[in-house]
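Chain residues, written in single-letter form:
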Amino acid sequence: MRVRRRKIPGLYSFIKFLCRTLFHIFFRDFDAFHTAQIPTDEPLLVIANHGNYLLDGLALLATYPGQISFLMAQPNFKTAIGGIARKIGAIPVL
């Protein structure tokens, strides 16, 4: 059975703009290296070993030039952040 995710037009772009702005304010030295080597016209799987379930995803969202589809633990979808993540196309995993 395929799960249908509702997306709100323009929400992804707004969240990406918000993340870029917040990272510029709070992390002025924050930058991504070697972004020219990241393929933007083909699928890419990025696996991040992270200590903070929110900050690392937002860092990827702020710096990756293309669109990202996140995998997110299903219990997190019960929070406000999970609701927004679902609206930008995040995929719940067990």
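Procedures and definitions
Residues numbered from 1 in each chain as written. Predicted model: local features only at pLDDT ≥ 70, side-chain atom pairs only at ≥ 80, totals over all residues. Heavy atoms only, no water. Buried < 20%, exposed > 50% of the residue type's maximum accessible area, 1.4 Å probe, protein only. Helix = DSSP H or I, 4+ residues; strand = E, 2+ residues; numbered from the N terminus. Contact = heavy atoms within 4.5 Å. Phe/Tyr/Trp six-rings, centres within 6.5 Å; stacked < 30°, edge-to-face > 60°. Core = buried A, V, L, I, M, F, W, Y, C linked by side-chain atoms within 4.5 Å. 1 Å grid on protein atoms, 1.4 Å probe; cavity = no way out; pocket = protein on both sides within 12 Å on 5 of 7 lines; lining within 4 Å. Points joined across faces, edges and corners; volume = space filled by probe spheres on them. Nonpolar A, V, L, I, M, F, W, Y, C, P; charged D, E, K, R; others polar. Polar contact = N/O pair within 3.5 Å; in protein donor to acceptor, adjacent residues only side chain to side chain. Patch = residues over 30% accessible without salt bridge, like charges linked within 9 Å, V, L, I, M, F, W, Y side chains within 5 Å. Areas by Shrake-Rupley, 256 points an atom, 1.4 Å probe, with all protein chains shown as cover. Salt bridge = Lys/Arg side-chain N within 4 Å of Asp/Glu carboxyl O.

As recorded by an unreviewed UniProt entry, the protein chain carries the name Phospholipid/glycerol acyltransferase domain-containing protein and is attributed to Lunasporangiospora selenospora.

Caption draft 1: Examining helix 2 (residues 55-63) more closely. Listing the buried residues of helix 2 in full gives Gly-57, Ala-59, Leu-61 and Ala-62. Buried residues along helix 2 sit in contact with helix 1 (11-26).

Caption draft 2: Quick look at the packing of aromatic side chains. Per the counting criterion, the structure on display carries 1 aromatic pair. With a centroid separation of 5.1 Å and 35° between ring planes, the pair formed by Phe-23 and Phe-27 is classed as tilted. Among the residues examined, Phe-23 registers a relative accessible area of 8% and is labelled buried.

Caption draft 3: Quick peek at the nonpolar core. Ranked by size, the top nonpolar core spans 11 residues in total: Leu-11, Tyr-12, Ile-15, Cys-19, Phe-23, Ala-59, Leu-61, Ala-62, Tyr-64, Ile-68 and Ile-88. Those elements that place two or more of their residues in this core are helix 1 and helix 2. By residue number, the principal contributor to this core is helix 1, which donates 5 residues. The contact partners of Leu-11, leaving out residues within four places of it in the chain, are Lys-87 and Ile-88.

Caption draft 4: Geometry of the layout of surface pockets. Considering only enclosed or pocket space, the largest pocket measures out at about 1100 Å³ in volume. Along the wall of the largest pocket there are 38 residues; nearest its centre are Gly-57, Leu-58, Ile-68, Phe-70 and Leu-71. Counting residues per element, the ones that place at least two in the lining of the largest pocket are helix 1, helix 2, strand 1 (71-73) and helix 3 (80-87). Class assignment of the residues belonging to the lining of the largest pocket gives a composition of 30 nonpolar, 6 polar and 2 charged.

Caption draft 5: Region of interest: the environment of Thr-63. One can find Thr-63 in helix 2. Thr-63 sits in the partly exposed class, given a relative accessible area of 25%. Among all residues touching Thr-63, those that are not within four sequence positions of it are Arg-20, Phe-30 and Ala-32. Reaching out from Thr-63, the side chain makes a polar contact with the backbone oxygen of Ala-59 at a distance of 2.9 Å.

Caption draft 6: Molecular detail of a nonpolar patch on the surface. Together, Phe-14, Phe-17, Leu-18, Leu-22, Ile-25, Phe-26, Phe-27, Phe-30 and Leu-55 make up an exposed nonpolar region whose accessible area comes to about 870 Å². Residue contributions to the nonpolar patch peak at 6 residues, all from helix 1. Here Leu-18 is to be found in helix 1. For Leu-18, a relative accessible area of 36% translates into the label partly exposed.

Caption draft 7: Representation of the environment of Leu-94. Looking at where Leu-94 falls in the secondary structure, it is placed in the segment after strand 2 (91-93). The exposed category is assigned to Leu-94, whose relative accessible area is 95%. Note: C-alpha distance between Leu-94 and Leu-71 (23 residues apart in sequence) is 9.9 Å.

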